[in-house]
Each structure stands twice: as structure tokens, then as C-alpha cells.
Amino acid sequence: MDMPLYNARILRLAASIPLAERLPNPEGTAQRTSAVCGSRVTADVVLDAEGAIAGFGQEVRACALGQASAAILGGAVIGESSASLAQAHALLRDWLKGDGPLPEVLARRFPDLELFEPARANPARHASILLAFEAASAAAAEAQTVPAG
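Predicted model only: the values in this text are computed from it and were never measured.

Calculation rules
- Residues numbered from 1 in each chain as written.
- Predicted model: local features only at pLDDT ≥ 70, side-chain atom pairs only at ≥ 80, totals over all residues.
- Heavy atoms only, no water.
- Pairing = 2+ DSSP bridges.
- Helix = DSSP H or I, 4+ residues; strand = E, 2+ residues; numbered from the N terminus.
- Axes fitted to C-alpha atoms, helices over the stretch in contact; angles between N-to-C directions.
- Phe/Tyr/Trp six-rings, centres within 6.5 Å; stacked < 30°, edge-to-face > 60°.
- Buried < 20%, exposed > 50% of the residue type's maximum accessible area, 1.4 Å probe, protein only.

**Quick notes on the sheet that holds strand β2 (residues 40-47)**
Reading across the sheet, the 3 strands line up as β1-β2-β3 and stay open at both edges, with antiparallel pairing between neighbours. At either end of the open sheet lies a strand with only one pairing partner, and these are β1 (28-33) and β3 (53-61). Pairwise comparison of adjacent strand axes, ignoring direction, gives a mean angle of 15° for this sheet. Strand direction decides the pairing type here: β2 and β3, joined by 8 bridges, are antiparallel. Residue pairing across strands places L47 opposite I53, the latter belonging to β3.

Rendered as C-alpha cells:
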């Protein structure tokens, strides 16, 4: 049985994005825009002394799939690092393009990503799904370059 691309769980996530406000004094900020659909995500981060995300905010202007992805990220981003977010982005990108199961590391950290299984057959939707992860990863990488103050 084929699952619909947009289902009630995705629409619920899209309507309830956690950490959906920009931070007043971020250490790192990144904005990513999909050339395919025009969706846009801006992510702000503050890191703790060990380099883990201690504060996160995002502004999301995206379709329901992009919003749902931002909600999944926002629900689990605190405690992630620049490296772990870069890994998550790469694994998610590869999974969307591939044909295997959701990688175990993603399933543990971001279990709701499995909701995007139906979108794998629609490459035009991949960019929007990836935006929040790409922006958060880039913002965390930028924050790592900020000298301790």
C-alpha cells in the first residue's frame, strides 16, 4: 500500500514547529533556500562549552514537508553538534536518494524522519525536506568559528 506524500502526522508536525523563533544573540546563523520550490529556513544557534547546541531558533518559510522536517529537527536539535548535524544532513540526503531503510543513527536521533518515506520517489521534494538540517548544520559550523568571548 502506498503512503500519501502528505498525511495527518506530517501536517500536524508542520503546524507545530518547536523553537520557531529567531535567537536574539546567535553565535551562528545560516539561511538556506531551495532553488526548486523557494522554501527557506534560517537557523540560529548558541553552543555550550563542549560545542553542543544549547540554544536554537529557526524561521521556516516552507511547504508542509519542509515545515515537518524543521519540526522534527527542532524537537531533537538541543545537544547535537556541528559534526552530528552535518552527518544527519548527509545521511538524510543519501537516504532520500537511495532505497534502503532509514539509517539507524537517524532513526535513533530523529525517529519521525521515516514519515518522509513516500517523498523518496519525488526528488523535487527532497530539497525542502533537507533545508532545516542543512541550515542548522551550517549555523553550528559558523558558531564553532566564533572566538570564545
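Past the structure itself, the notes keep going.
**What about the packing of aromatic side chains?**
All told, the structure shown has 1 aromatic pair when counted by the stated rule. With a centroid separation of 5.1 Å and 85° between ring planes, the pair formed by F110 and F133 is classed as edge-to-face. Taken as a pair, F110 in the loop between α4 (104-109) and α5 (123-144) and F133 in helix α5 lie far apart in primary sequence, 23 residues in all. For the pair formed by F110 and F133, the shared burial category is buried.

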